[in-house]
Amino acid sequence: METKIVVLAEHDGKVSREISLELLGLARRINEGGEVKALLLGNGIESVAEELASRGAAEVIYVEGEAVENYNVDAYRKSIEPILNDETPDLVLIGHTPNGWDVAAPLAARLGVPLVTGCAQVTMSEGRALLTRKAFNGKFVHQVEVTGARPLMATVDKGASAPFEGKSSGTVRKIESPLSIEELRASYIETRTGESGGLDLREADVIVSAGRGVGGPDKLGVVRELAEALGGQLGASRAVTDAGWLPHEHQIGSSGVSVSPKLYVACGISGAIQHVVGMKGSGYIVAINKDPDAPIFGVAHVGVVGDLFEIAPALTKALREAKGK
């Protein structure tokens, strides 16, 4: 059954943000040949609209004007509402970002439709929507089935879905914003950028993660060295961060971050559902565990049953030799 989906795209004034491409990828996978449109708001960013049209959107509806040049919840809500009324989509996907969760709630309230926030997974079949999200501060995985009024609106975690990697030949439809800055209840002042340098696993193409099976903080070196040899980042299960072996920013799973790297290597991770929900969207999953019955092998593309402290150093050595180091 075809589903009509609209994705609310985000941008930085020059290019689309990664969350927009992730949402287009998710929409294309949900849709199975149905209609996917992107909704873009801004001023003088035709190139961003064209980028989205080539990265998964069949049509980009581009609202242009000074009132929507910078994010403003009042301007966004007033601009998006009539378009959704005209388009009548079944599903609206919005990034679970500061801007996304800010506009999603008043928009859903105005439309009188259901909203599910912080989703890690969204599926639709025969008009039935099933959404997976974190609950009770990440301690549980909450599955929500939504029926009734449409469109269903959902905010989706960054890194929960892989971006659309193909090419599309969508069109761009420009709409001049009827809003003026003077009629808005809130005014844009400035954007301040925080200091860089923090770890963001959601941006990593390669992640090598350590689990309880590593044995202790003094034994993390073999996992860290494998991550460095692969040019990736070091991740961890909740057991590792709860034990204080690594800071919380390394944690992947329902109470950490959701990631979708091209390659994910799980080292000594059993594969509890709380961890799997945060990494099963990875492009290729390799699991190393001495327990042949570990649940992680159920989601891995390649499973290696053996001693991590023999396998990881051998892989690291082979990678360094292949790179001539």
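None of the values given here were measured: they were computed from a predicted structure.

### Things to note about the pattern of salt bridges
Opposite charge on two side chains lets them pair, provided their charged atoms get close.
Thought 1: Here the structure, examined in full by the defined rule, presents 18 salt bridges.
Thought 2: The salt bridge partner of lysine 4 is glutamate 87, with a shortest N-O separation of 3.3 Å. Note that lysine 4 is positioned in the segment before β1 (5-8) and glutamate 87 in helix α3 (residues 73-87), a separation of 83 residues in sequence. With respect to class, lysine 4 is no different from glutamate 87; both count as buried.
Thought 3: Across the pair lysine 158 and aspartate 200 runs a salt bridge, and its minimum N-O distance is 3.7 Å. Here lysine 158 is found in the loop between β8 (152-156) and β9 (171-176), whereas its partner aspartate 200 is found in the loop between β9 and β10 (206-210), with 42 residues between them in sequence.
Thought 4: Sharing partners across several salt bridges, the network here consists of Lys4, Glu35, Lys37, Glu59, Glu87 and Arg173.

### What about the nonpolar core?
Thought 1: Grouped together as the largest cluster of nonpolar side chains are 35 residues, with contacts concentrated most on Leu40, Leu52, Leu93 and Leu131.
Thought 2: Looking at which element gives the most residues to this core, the answer is helix α1 (residues 18-31), with seven residues.
Thought 3: Non-local contacts of leucine 131, meaning those with residues more than four positions away in its chain, are made with Val116, Cys119, Gln121, Val122, His142, Gln143, Val144, Val146, Leu152 and Ala154.
Thought 4: Judged by nonpolar contacts, the second largest core, of 24 residues, contains Leu39, Leu41, Val103 and Ala104.

### Quick notes on the pairing of β1
Thought 1: Residues Ile5 and Val7 of β1 are buried on one face, and the alternating residues Val6 and Leu8, pointing to the opposite face, are buried as well.
Thought 2: With four bridges joining them, β1 and strand β2 (residues 36-42) adopt parallel strand pairing. Note on β2: the bridge partner recorded for isoleucine 5 is valine 36.

### Some thoughts on the side chain of glutamate 59
Thought 1: Here glutamate 59 shows up in strand β3 (residues 59-64).
Thought 2: Separated by 2.8 Å, the side chains of glutamate 59 and arginine 173 make a polar contact.

### Remarks on helix α8 (residues 308-322)
Thought 1: In this model α8 runs 21 Å from its N-terminal to its C-terminal C-alpha over 15 residues, within 8% of the 21 Å that 1.5 Å per residue would give.
Thought 2: The set of residues buried in α8 consists of Leu308, Ile311, Ala312 and Thr316. Looking down the long axis of α8, one finds its buried residues gathered within 130° of arc, a one-sided arrangement. Exposed and oriented more than 90 degrees from the buried face of α8 are Glu310, Lys317 and Glu321.
Thought 3: Residues of α8 that are buried make contact with α5 (221-229), β12 (263-267), β13 (284-289) and β14 (302-305).
Thought 4: The N-terminus of α8 is capped by aspartate 307, whose side-chain oxygen sits 2.9 Å from the backbone nitrogen of phenylalanine 309.
Thought 5: The positive-phi residue at the C-terminal boundary of α8 is glycine 324, with phi of around 80°.

The rules behind these values
- Residues numbered from 1 in each chain as written.
- Predicted model: local features only at pLDDT ≥ 70, side-chain atom pairs only at ≥ 80, totals over all residues.
- Heavy atoms only, no water.
- Salt bridge = Lys/Arg side-chain N within 4 Å of Asp/Glu carboxyl O.
- Helix = DSSP H or I, 4+ residues; strand = E, 2+ residues; numbered from the N terminus.
- Buried < 20%, exposed > 50% of the residue type's maximum accessible area, 1.4 Å probe, protein only.
- Core = buried A, V, L, I, M, F, W, Y, C linked by side-chain atoms within 4.5 Å.
- Contact = heavy atoms within 4.5 Å.
- Pairing = 2+ DSSP bridges.
- Polar contact = N/O pair within 3.5 Å; in protein donor to acceptor, adjacent residues only side chain to side chain.
- Expected span 1.5 Å × (residues − 1).
- Arc of directions from axis to C-beta.

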